[in-house]
Amino acid sequence: MTDIQKEIIRLKEEKNALVLAHFYQTIDIQEVADFVGDSFELAKIAQRTEKPIIVLCGVRFMAESAKILNPDKIVLLPASDAGCLMADMITPEDVIKMKEEHPKAAVMCYVNSTAETKTYCDICCTSSSAVKIAKSLEEDEIIFVPDRNLGAYVAEQVPEKKFYFYRGFCPIHNVVRAEEVEKARKLHPGAPVIVHPECNKEVRDTADFIGSTSAIIKYVEESVKKEFIIGTEIGVVERINKIVEGKTAYLLSHHLSCVNMKKTKITDVLNALQNMEEVIELDEDVMNKARVTLERMVSVN
Ligand code: SF4
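Note that this is a predicted model, so its numbers are computed, not measured.

(A) Highlighting empty space enclosed by the protein. Scanning the entire structure with this criterion turns up 2 cavities of 30 Å³ or more. Taken as a whole, the largest cavity spans an internal volume of roughly 290 Å³. Around the largest cavity sit 28 residues that line it, and Tyr24, Cys84, Asn112, Glu198 and Met261 are the ones nearest its centre. Listing elements by their share of the lining of the largest cavity, those giving two or more residues are helix 3 (39-48), helix 4 (60-69) and helix 9 (171-174). At 3 residues, the largest contribution of residues to the lining of the largest cavity is made by helix 9. Of the residues assigned to the lining of the largest cavity, the class counts are 14 nonpolar, 11 polar and 3 charged. Taken as a whole, the second largest cavity spans an internal volume of roughly 80 Å³. Lining the second largest cavity are Ser39, Leu42, Ala43, Ala46, Leu56, Phe61, Met62, Ser65, Ala66 and Val111. If you list the elements that add at least two residues to the lining of the second largest cavity, you get helix 3 and helix 4. The residue inventory of the lining of the second largest cavity, partitioned by class, reads 8 nonpolar, 2 polar and no charged.

(B) Summary view of the packing of helix 4 against helix 15 (residues 284-300). Axis separation between helix 4 and helix 15 bottoms out at 9 Å; the angle between their running directions is 95°. By the angle between their axes, helix 4 is roughly perpendicular relative to helix 15. Contacts from Ser65, Lys67, Ile68 and Leu69 in helix 4 reach Met287, Ala290, Arg291, Leu294 and Glu295 in helix 15. Partitioned by chemical class, the residues of the contact of helix 4 with helix 15 number 5 nonpolar, 1 polar and 3 charged.

(C) Structural context of the sheet that holds strand 6 (residues 123-125). In spatial order, the strands read 6-5-7-8; together these 4 strands make up an open sheet with parallel pairing. Looking along the sheet, the strands with just one partner apiece sit at the ends: strand 6 and strand 8 (162-165). The average angle at which neighbouring strand axes cross in this sheet is 30°, direction not considered. Taken together, the 4 bridges between strand 5 (residues 106-110) and strand 7 (residues 141-145) define a ladder with parallel strand orientation. Its bridge partner lying in strand 7, Ala106 is registered against Ile142.

(D) Spotlight on the packing of helix 1 (residues 3-15) against helix 14 (residues 266-275). Look at helix 1 against helix 14: their axes get within 10 Å of each other, and the N-to-C directions meet at 30°. Between helix 1 and helix 14, the interaxial angle falls into the category roughly parallel. Considering only the axes of helix 1 and helix 14, their crossing is left-handed. Contact residues: helix 1 offers Ile4, Gln5, Glu7, Ile8, Leu11, Lys12 and Lys15, while helix 14 offers Ile266, Thr267, Val269, Leu270, Leu273 and Gln274.

(E) Geometry of the layout of surface pockets. Approximately 160 Å³ is the volume attributed to the largest pocket. What lines the largest pocket is Glu180, Lys183, Ala184, Leu187, His188, Ile229, Tyr250, Leu251, Leu252, Ser253 and His254. Taken together, the elements giving at least two residues each to the lining of the largest pocket come down to helix 10 (178-187) and strand 12 (248-251). Ranked by the residues each element gives to the lining of the largest pocket, the list is headed by helix 10, at 4 residues. A per-class count over the lining of the largest pocket returns 6 nonpolar, 3 polar and 2 charged.

(F) Local environment of the domain arrangement of the protein chain. By domain assignment, the protein chain separates into domain 1 (3-82 + 261-282), domain 2 (87-169 + 290-300) and domain 3 (176-251). Centre-to-centre, using C-alpha coordinates, domain 2 lies 26 Å away from domain 3. Contact with domain 2, which involves 10 residues of that partner, is made by 9 residues of domain 3. Summed over both sides, the interface of domain 2 with domain 3 buries roughly 720 Å², with 46% coming from carbon and sulfur. One can count 2 salt bridges joining domain 2 with domain 3. The partner of Glu156 in a salt bridge is Arg204, with the nearest N and O atoms 3.2 Å apart. At the boundary of domain 2 with domain 3, the tally comes to 6 residue pairs in polar contact (both at pLDDT 80 or more). Considering every element that reaches the side of domain 2 that touches domain 3, the biggest residue donor is helix 8 (residues 148-157), with 5 residues.

Cut-offs applied
Residues numbered from 1 in each chain as written. Predicted model: local features only at pLDDT ≥ 70, side-chain atom pairs only at ≥ 80, totals over all residues. Heavy atoms only, no water. 1 Å grid on protein atoms, 1.4 Å probe; cavity = no way out; pocket = protein on both sides within 12 Å on 5 of 7 lines; lining within 4 Å. Points joined across faces, edges and corners; volume = space filled by probe spheres on them. Helix = DSSP H or I, 4+ residues; strand = E, 2+ residues; numbered from the N terminus. Nonpolar A, V, L, I, M, F, W, Y, C, P; charged D, E, K, R; others polar. Axes fitted to C-alpha atoms, helices over the stretch in contact; angles between N-to-C directions. Parallel < 35°, antiparallel > 145°, perpendicular 65-115°, else oblique. Contact = heavy atoms within 4.5 Å. Pairing = 2+ DSSP bridges. Left-handed = near helix turned anticlockwise from the far one by under 90°. Domains from an automatic or database assignment. Buried area = accessible area lost by both parts, 1.4 Å probe. Salt bridge = Lys/Arg side-chain N within 4 Å of Asp/Glu carboxyl O. Polar contact = N/O pair within 3.5 Å; in protein donor to acceptor, adjacent residues only side chain to side chain.

Quick look at the structure:
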């Protein structure tokens, strides 16, 4: 462990802070975190913690979700400029327009969205909970925002409902092509291809397994295979290669590195704890409305 990591651990204890890291964070950050998980797991931990300070190592919408679920706590985002390109693709006006076009539909919102966008939706979901949540809704029609790829994947699993998609996507996952899957299979014969549902349909259709980041790691842990081709952000590949003994994960495409997720450096985590910044502040009305959508999501699971 480096001196910076040791100091972060000391400060965590001194300040009674909880450090949460998304799987897409670099390994040195994952090593100092109290919990590493996907966005759904991080939201659940954030909801349950009794610690007064939460340091969210990820992107802005994750820190916003932690704040919404813990309005009385201090939530810190170590890298202020760590946004999410998908979350920024949709505005509340876009949601309002879709609701006007499909008044009978429930609005399901991927957590990868801003707090303000969430306030115009009925329920949130993560990639690990989306299918279950879509099935749980009373409505037969669902407006799914903002990720058209995850939305299409959910619609395939829930054919009894009618879906309307927004045009958003994750630029990191969406850019991967089926030819890259073919190439990776030739390079690593016999290795199953496991992809995230944010990948586009041509990639999903070639995969052996589709799942959230947590589901991908679980699949690798439980499989009898030794090698895997992973179609999600490189942080997951690094985590598998670090924590799953005797197995090797290969990155499906060199495109799979999220610039925003990598904006947080270990020194930013130290700075966040030393100087208590950036403190996430949200309008109370926005928090109250967005909380309903997040709490509904957690309660379905
Ligand atoms: S990987 Fe895609 S969806 Fe996830 S934070 Fe980066 S841009 Fe957003």
